[in-house]
Amino acid sequence: MNGTSTILIVVGLFFLGGVYSFVKQKMPTSLIALVSIGAAMCLVAGILRLEVWN
């Protein structure tokens, strides 16, 4: 696993933690949707960049 994919996966997991926190705090739905889209994009990009898949 190279550094870029590791960073993308860690950032995606960080965003997922933010989504969980926002849901618990009953934040606006648009903010939750925006952060969850960012988390999904980071996780997908990180997984696709893994050397195992190439």
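Engineer: I keep staring at the environment of Leu34 and nothing clicks. Help me out?
Structural biologist: One can find Leu34 in helix H2 (residues 29–48). Note: C-alpha distance between Leu34 and Val19 (15 residues apart in sequence) is 9.2 Å.

Engineer: Explain the packing of aromatic side chains to me, please; I cannot follow it from the model alone.
Structural biologist: As enumerated under the stated definition, the model contains one aromatic pair in all. Here Phe14 and Phe15 contribute two aromatic rings whose centre-to-centre distance is 6.2 Å and whose plane-to-plane angle is 45°, an arrangement assigned as tilted.

Engineer: Is there a simple way to explain helix H1 (residues 3–24) in this structure?
Structural biologist: Side chains three or four residues apart in an α-helix point the same way, a direct result of the helix having 3.6 residues per turn. Between the first and last C-alpha of H1 there are 32 Å, a value that for 22 residues agrees with the 32 Å anticipated at 1.5 Å per step. Along H1, the residues classified as buried are Ser5, Ile9, Gly12, Gly18 and Val19. Check the buried side of H1 and you find it contacts H2. Where H1 ends, the next residue or the one after it, Lys26, has phi of about 55°, a positive value.

Engineer: It is not clear to me how H2 should be interpreted in this structure. Could you clarify?
Structural biologist: When the terminal C-alpha atoms of H2 are compared, their 28 Å separation across 20 residues agrees well with the 28 Å that a helix rising 1.5 Å per residue should span. For H2, every residue scored as buried is listed here: Ile32, Val35, Gly38, Ala39, Cys42, Leu43 and Gly46. For H2, the angular spread of the buried residues around the axis is 130°, confining them to a single face. In H2, the exposed residues that point more than 90 degrees away from the buried face are Thr29, Ser30, Leu34, Met41 and Leu48. Against the buried residues of H2 lie H1.

So, how was this worked out
Residues numbered from 1 in each chain as written. Predicted model: local features only at pLDDT ≥ 70, side-chain atom pairs only at ≥ 80, totals over all residues. Heavy atoms only, no water. Helix = DSSP H or I, 4+ residues; strand = E, 2+ residues; numbered from the N terminus. Phe/Tyr/Trp six-rings, centres within 6.5 Å; stacked < 30°, edge-to-face > 60°. Expected span 1.5 Å × (residues − 1). Buried < 20%, exposed > 50% of the residue type's maximum accessible area, 1.4 Å probe, protein only. Contact = heavy atoms within 4.5 Å. Arc of directions from axis to C-beta.

The values are spatial; any link to function lies outside them.
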